[in-house]
Amino acid sequence: MRIRATVAAVSGALALSALALPAAHAAGQERVRAENSVSEVARAAHHPGRGTSSVAASGTPYQLNATFSAVKVNNGKNISVGTTKPVNVPVSFTLTHGAEVDIHARDFVAAIELYRGSSFDNSVYAFDSAPATCTDTSTTVATCKSAVIVDPAELLSEDAGSWRAAAFAVAFNGQDPSKPGDLSKVGVAVKDPTNSFKLQRWATLNTDAAPEPVKKGKTITVTGKLARADWDDGKYHGYADQPVKLQFRKKGAGTYTTLKTVRTSSTGSLRTTTTATVDGSYRYAFAGTTTTPATTAAGDYVDVK
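Residues numbered from 1 in each chain as written. Predicted model: local features only at pLDDT ≥ 70, side-chain atom pairs only at ≥ 80, totals over all residues. Heavy atoms only, no water.

### With respect to the sheet that holds strand β10 (residues 141-150)
Right, on to step 1. Strand order in the open sheet made by the 4 strands is β4-β6-β10-β9, with antiparallel pairing throughout. A single partner strand is all that each edge strand has here, and the edge strands are β4 (66-73) and β9 (133-136). For this sheet, the mean inter-axis angle between neighbouring strands, taken without regard to orientation, is 25°.
Right, on to step 2. Examined bridge by bridge, strand β6 (residues 87-97) and β10 share 10 bridges and lie antiparallel to one another. Bridged to Thr-94 within β10 is Thr-143. (Pairing = 2+ DSSP bridges. Helix = DSSP H or I, 4+ residues; strand = E, 2+ residues; numbered from the N terminus. Axes fitted to C-alpha atoms, helices over the stretch in contact; angles between N-to-C directions.)

### Some thoughts on the pairing of strand β11 (residues 161-171)
Right, on to step 1. Taken across its 11 residues, β11 has 9 buried, putting it largely inside the fold.
Right, on to step 2. Here 8 bridges tie strand β7 (residues 108-117) to β11, and the two strands are oriented antiparallel to one another. Within the sheet, the bridge partner assigned to Val-109 lies in β11 and is Val-170.
Right, on to step 3. Sheet topology places β11 next to strand β12 (residues 187-201); 10 bridges connect them, and they run antiparallel. Bridge pairing in β12 places Ala-165 opposite Asn-195. (Buried < 20%, exposed > 50% of the residue type's maximum accessible area, 1.4 Å probe, protein only.)

### Observations regarding the pattern of salt bridges
Right, on to step 1. Taken as a whole, this structure holds 4 salt bridges when the rule is applied.
Right, on to step 2. Linking Glu-158 and Arg-116 is a salt bridge whose minimum nitrogen-to-oxygen distance equals 3.8 Å. Here Glu-158 is found in the loop between β10 and β11, whereas its partner Arg-116 is found in strand β7, with 42 residues between them in sequence.
Right, on to step 3. Residue Glu-158 is classed as partly exposed on the basis of its relative accessible area of 32%.
Right, on to step 4. Asp-159 is the partner of Arg-116 in a salt bridge, and the nearest nitrogen-oxygen pair spans 2.8 Å. Residue Arg-116 is found in strand β7, and its partner Asp-159 is found in the loop between β10 and β11; the two are separated by 43 residues along the sequence.
Right, on to step 5. Judged by its relative accessible area of 1%, Asp-159 is buried. (Salt bridge = Lys/Arg side-chain N within 4 Å of Asp/Glu carboxyl O.)

### Some points on the nonpolar core
Right, on to step 1. One finds Phe-93, Leu-95, Phe-108 and Leu-114 to be the most contacted residues of the largest nonpolar core, which totals 37 residues.
Right, on to step 2. In terms of residues, this core owes the most to one element, β11, which gives 5 residues.
Right, on to step 3. Apart from residues no more than four positions distant in its own chain, Leu-95 is found in contact with Ala-66, Thr-67, Phe-68, Ile-103, Phe-108, Ala-110, Thr-140, Val-141, Ala-142 and Cys-144.
Right, on to step 4. One finds Ala-276, Phe-286, Ala-297 and Val-304 within the second-largest nonpolar core, a separate group that totals 20 residues. (Core = buried A, V, L, I, M, F, W, Y, C linked by side-chain atoms within 4.5 Å. Contact = heavy atoms within 4.5 Å.)

By themselves, these observations are geometric and do not establish any function.
This is the structure we're talking about:
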């Protein structure tokens, strides 16, 4: 089963809930949004007609007197995800609101959604943060923090690439958060998009320089492999036909210099040769792509006799 974390109502209280969804391992297979989420209420208000059965109710939400600024996702960095370990993505923002808005009410939620798609209203897939914890800096301004859990078990490899973030706040004002009966009493504020970033498949890279030691003037063969996470099968596979730099650092030097660029094979393997001149370390370095982060292998030291 795929599991999607959403901001949901549980036993009358707002909490982070895990909702089971049908497995969707094949690329292109439709995935279904989790029901009963606060973000669905916000989406329904932001774009009438896009709400799900979880928010089917009378009335139209009113515009909540609240705005978002200084939104940060993962400290401004791209998000890289491997095959097994969920990634905790910090998010923060400033929430400015009218004096009449009680942001500390039990049924008030402010959160961030990370999504793949053209907009908050029309996303392919998404992850919601837990309800943010907000600290007042004045009677109408608060700094808020939360986190989004991005679990590779929920991802498909096709999800790698460009993602966006949206901020939303919902004041239920006594309405049942799991199924509000009168949406006209519910206030909603949405800012979309707030940020853009890349969701990337974690990469690994290694280097092996041989023989060790080697006589000066002899040939050194440097091998390695570039692989990246496959979210469809939960394994790492070679990243084919990618340019990777072979770099060298002389013993005692502080930096590496690039000797040449080598392309990976169909299985992600690397192999090239160079001439032994002085003691030092060899390594491969990959600059990254839209779907895969940059990575640099540890240096392999060779003693030249």
